[in-house]
Amino acid sequence: MTFVNRFPPAATLFLALGCASVWAHATATPVAAAVYAPVNAMPYYSLENALQGVYGFHTPPRAQRFHVQSAQLVEATAGFCQGTVALPALTAQWQTTQVSWEALLTPSIGPLVSRRSQRQIDFWPTRPALIARALEAEPRTLSDLMRVGTPAKGLPAMEWLLAQWAVPGQGQPSARDCRFAHLVAQGIAEEARALEAEFAALAAKDWAASPDDATAAMAEWVNQWLAGLERLRWAQIEKPIVSHQTSHADKPTGKIAFARLSRESNLAGWQVQWISLLTQARLTEAQYRHPPPPGKALVPIEALLLGKGQLALAGRWVTALDKVTVGMAGLTPQSTPTQWLAVTQLMKTVSALFQNEVATALDIPLGFSDADGD
């Protein structure tokens, strides 16, 4: 059986902040219409094949990359405090670490959920007053850091400290503040180390031998993919804009309270989150010609649909995804809130299609997990 692929070919979605080189292999995303020669139909993929793809091939390298980048953040922070690393270099390493974290986090599955990792190292908005209180407490060990409230540590707190140090005339931070930043970086790296170890263990899991675990894990992946999309669409983009417009209705000025402090960092995070969602949702041009081998590669949601014979639904799914990709690729740090909201409207179409048809075709009930609100 063959079918003609009428879906768009690949193009690169470049990330802001110089992150393109790190993620170039993951940014093959479709933007223009084309017709390819007939290819073989997708094989039928079992539940075990899907989970092996996610846990065996998708998450391990991302967990490893986050661990490596967070360890380098620790080293860069120590170097800055010793005067051997400049603040711009430390800030760039924070940005790279942030992007590697967003790529692993989206969607939150497995140990990301059970460990409540986002709450531990990426709780926002940051509370400057709590950071000030934490600095006064002068924690000296990771055990001491555990007693610091989550809004005063993790990636957002580190970003806030970097922003304060970048204020003209601020000068080198005190030894106390440097020690705290170094400890915060160590806490991030420790969580990254634990996540890498737990994802490595799941990569070796025999899902066929644990049918109950497999059923639960599949439901979690499908539900958390949707939760990851909604987190990006609503919590990170639309809600801050709507809240700002409502609170500044008479005088629409001031800064929108996005998760990150700069537009560049926010955009880099949004783009890499979309790339991660897209990678798990849509086949690439190469995969149309050479379908993912069962049990030996990530099996995107589109492949699961095609394997079940849902060709028409898969086509509409790809069309909806591609519109978001084009919209995301067109965003810049200088884009207006109207342009950002236009992309969230495209995401709503994907979300509605997923909830109304895709999940049903995959025979997965949708619900809420205790991580959805993190």
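Here, residues in each chain are numbered from 1, in the same order as that chain's written sequence. Thresholds applied to this predicted model are a pLDDT of at least 70 for local features of residues and 80 or more for the giving and counting of side-chain atom pairs; totals over whole chains, interfaces and linings are not thresholded and use all residues. The side-chain values count all of the structure's non-hydrogen atoms but skip hydrogen atoms and water molecules.

On to the overall build of the chain, then. Helix and strand labels come from DSSP, where a helix needs a run of H or I of at least four residues and a strand needs a run of E of at least two; each type is numbered from the N terminus. Regarding its fold elements, the chain presents 15 helices and four strands. Split into buried and exposed, the 374 residues of the chain put 51% on the buried side. When contacts within the chain are restricted to residue pairs at least 6 apart in sequence, those whose partners lie at least 24 apart make up 78%. For the accessible areas, the method is Shrake-Rupley and the probe is 1.4 Å, while residue cover comes only from the protein chains on display. In the structure as shown, the chain presents an accessible area of about 15900 Å², 56% of it carried by carbon and sulfur atoms. Residue burial is assigned from relative accessible area. The probe radius is 1.4 Å, only protein chains are included, and a residue is buried under 20% of its type maximum, exposed over 50%, and partly exposed in between. Whether two residues are in contact is decided by their heavy atoms: any pair within 4.5 Å suffices.

Assignment of secondary structure puts Trp 94 in helix 3 (residues 87-105). You can call Trp 94 buried: its relative accessible area is 1%. When the C-alpha atoms of Trp 94 and Thr 77 are compared, they prove to be 9.3 Å apart, with 17 residues separating the residues in sequence. With sequence-adjacent residues up to four places away left out, Trp 94 is seen in contact with Leu 73, Leu 155, Met 158, Glu 159, Leu 162, Arg 260 and Ser 265.

Each nonpolar core is a collection of buried residues, namely Ala, Val, Leu, Ile, Met, Phe, Trp, Tyr and Cys, held together in the definition by side-chain atoms within 4.5 Å. Core analysis: the biggest nonpolar cluster contains 95 residues, and Trp 225 and Trp 317 have the highest contact counts within it. The element contributing the most residues to this core is helix 9 (residues 175-203), with 12 residues. In contact with Trp 317, other than residues within four places in its own chain, are Trp 225, Ala 281, Ile 301, Glu 302, Leu 305, Val 350, Leu 353, Phe 354 and Val 358.

The rule is short: rings of Phe, Tyr and Trp, with Trp giving its six-membered ring, pair when the centres are within 6.5 Å, and they are stacked under 30 degrees, edge-to-face over 60, tilted in between. Per the counting criterion, the structure on display carries 10 aromatic pairs. An angle of 20° between the planes, with centres 5.1 Å apart, marks the rings of Trp 225 and Phe 354 as stacked. With Trp 225 in helix 10 (residues 211-247) and Phe 354 in helix 15 (residues 337-361), this pair connects stretches of sequence that are 129 residues apart. Since its relative accessible area comes to 0%, Phe 354 is described here as buried. In this structure an aromatic cluster arises from ring pairing among Tyr 55, Phe 199 and Trp 207.

So, about the pattern of salt bridges. Salt bridge, as used here: a side-chain nitrogen of Lys or Arg that lies within 4 Å of a carboxyl oxygen of Asp or Glu. Counted according to the given criterion, the structure contains 17 salt bridges. For Arg 115, the salt bridge goes to Glu 191, with nearest N and O atoms at 2.8 Å. Taken together, the positions of Arg 115 in the loop between helix 4 (111-114) and helix 5 (117-121) and Glu 191 in helix 9 put the pair 76 residues apart, joining distant regions of the chain. Given a relative accessible area of 30%, Arg 115 falls into the partly exposed group. Given a relative accessible area of 7%, Glu 191 falls into the buried group. Glu 138 is the partner of Arg 140 in a salt bridge, and the nearest nitrogen-oxygen pair spans 3.4 Å. The network of salt bridges with common partners includes Glu 102, Asp 122, Arg 231 and Arg 260.

Glancing now at the environment of Leu 226. Tracing the chain through its elements places Leu 226 in helix 10. The spacing of Leu 226 and Gln 355 is 129 residues in sequence and 8.2 Å in space, taken between C-alpha atoms. Among residues more than four places away in sequence, those in contact with Leu 226 are Ser 351, Phe 354, Gln 355 and Leu 366.

pLDDT measures how confident the predictor is about each residue, on a scale from 0 to 100. In this model, the chain carries an average pLDDT of 88, and 86% of its residues clear a pLDDT of 70 or more. A low-confidence stretch, residues 1-38 (pLDDT under 50), is modelled with 106 contacts involving residues beyond four sequence positions or located in other chains.

Here the focus is the side chain of Lys 153. Here Lys 153 lies in the loop between helix 7 (142-145) and helix 8 (154-165). Whenever two N or O atoms come within 3.5 Å, that pair is a polar contact, provided that in protein one can donate a hydrogen and the other can accept it, and provided that, for residues adjacent in sequence, both atoms are side-chain atoms. Reaching out from Lys 153, the side chain makes a polar contact with the backbone oxygen of Leu 145 at a distance of 3.1 Å. Looking at Lys 153, its side chain comes within polar contact range of the main-chain oxygen of Val 148, at 3.3 Å. Sequence-distant contacts of Lys 153, defined by excluding residues within four places in its chain, comprise Gln 120, Leu 145, Met 146, Val 148 and Val 184.

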